[in-house]
Amino acid sequence: MYAKCGKIDYPRQVLDKMSERNVMSWSTMISGYDQAGRALNAVELFSRMKVKQANEFVFDSAVSTCASMLAVDVRKQIHS
C-alpha cells in the first residue's frame, strides 16, 4: 500500500528497526521497492537477505526488479 502511494521510506524504516525479519517482511519490502520503481533498493535488500529465507515470491520480485533495470538500460540505448 505504501509503495503504491509513493511512501516507501516509512516501511523501510520499520524493516530496519525490526530485530528479526522473516520472509514476509523481506518479500513485502523488495516487492514494494519494485512497485515504486526503486530497483536498486530492491536489489540491495535482496542481496542482504539470506537466500535460505527466500521463497518464490521473493525470487519473483527480484527477477521483476532485474527486468525493470534491464528495460531502463534498453530504453537508454534506444534514445542514445
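What you are looking at is a predicted structure, and each value in this text was computed from that prediction instead of being measured.

Notes on the overall build of the protein chain
And step 1. If you tally the helices and strands in the protein chain, you get four helices and zero strands.
And step 2. Helices (α) and strands (β) of the protein chain occur, in sequence order from the N terminus, as α-α-α-α.
And step 3. Of all 80 residues assigned to the protein chain, the portion counted as buried reaches 28%.
And step 4. Of the contacts made within the protein chain by residues no fewer than 6 positions apart, 54% connect residues no fewer than 24 positions apart.

Remarks on the pattern of salt bridges
Two side chains that carry opposite charge are able to pair once their charged atoms sit near each other.
And step 1. In total, this model carries four salt bridges according to the counting rule given.
And step 2. Here Asp16 ties to Arg12 by a salt bridge, and the two come within 3.0 Å at their closest N and O atoms. Residue Asp16 and its partner Arg12 are located together in helix H1 (residues 9–17), separated by four residues, close to a single helical turn.
And step 3. Under the relative-accessibility criterion, Asp16 is labelled partly exposed at 39%.
And step 4. For Glu44, the salt bridge goes to Arg48, with nearest N and O atoms at 3.7 Å.

With respect to the packing of aromatic side chains
And step 1. As enumerated under the stated definition, the model contains one aromatic pair in all.
And step 2. A centroid spacing of 5.8 Å and a plane angle of 70° characterise the contact between Phe46 and Phe59, whose relative ring orientation is edge-to-face. Here Phe46 is found in helix H3 (residues 39–48), whereas its partner Phe59 is found in helix H4 (residues 56–79), with 13 residues between them in sequence.
And step 3. On the basis of relative accessible area, Phe46 is assigned to the partly exposed category, the value being 25%.

What to know about H1
And step 1. All buried positions along H1 are accounted for by Pro11, Arg12 and Leu15. In an axial view of H1, the angular spread of the buried residues amounts to 100°, which keeps them on one side of the axis.
And step 2. Tucked inside the fold, the buried residues of H1 contact helix H2 (23–35) and H3.

Focus on the nonpolar core
And step 1. Core analysis: the largest hydrophobic core is formed by twelve residues, namely Ala3, Ile8, Leu15, Trp26, Met29, Ile30, Tyr33, Ala42, Leu45, Met49, Ala54 and Val58.
And step 2. Of all the secondary-structure elements, those providing two or more residues to this core are H2 and H3.
And step 3. With four residues, the single largest contributor to this core is H2.
And step 4. Once residues within four sequence positions are removed from consideration, Ile30 is found in contact with Ala42, Leu45, Phe46, Met49, Val58, Ser61 and Ala62.

About the cut-offs
- Residues numbered from 1 in each chain as written.
- Predicted model: local features only at pLDDT ≥ 70, side-chain atom pairs only at ≥ 80, totals over all residues.
- Heavy atoms only, no water.
- Helix = DSSP H or I, 4+ residues; strand = E, 2+ residues; numbered from the N terminus.
- Buried < 20%, exposed > 50% of the residue type's maximum accessible area, 1.4 Å probe, protein only.
- Contact = heavy atoms within 4.5 Å.
- Salt bridge = Lys/Arg side-chain N within 4 Å of Asp/Glu carboxyl O.
- Phe/Tyr/Trp six-rings, centres within 6.5 Å; stacked < 30°, edge-to-face > 60°.
- Arc of directions from axis to C-beta.
- Core = buried A, V, L, I, M, F, W, Y, C linked by side-chain atoms within 4.5 Å.

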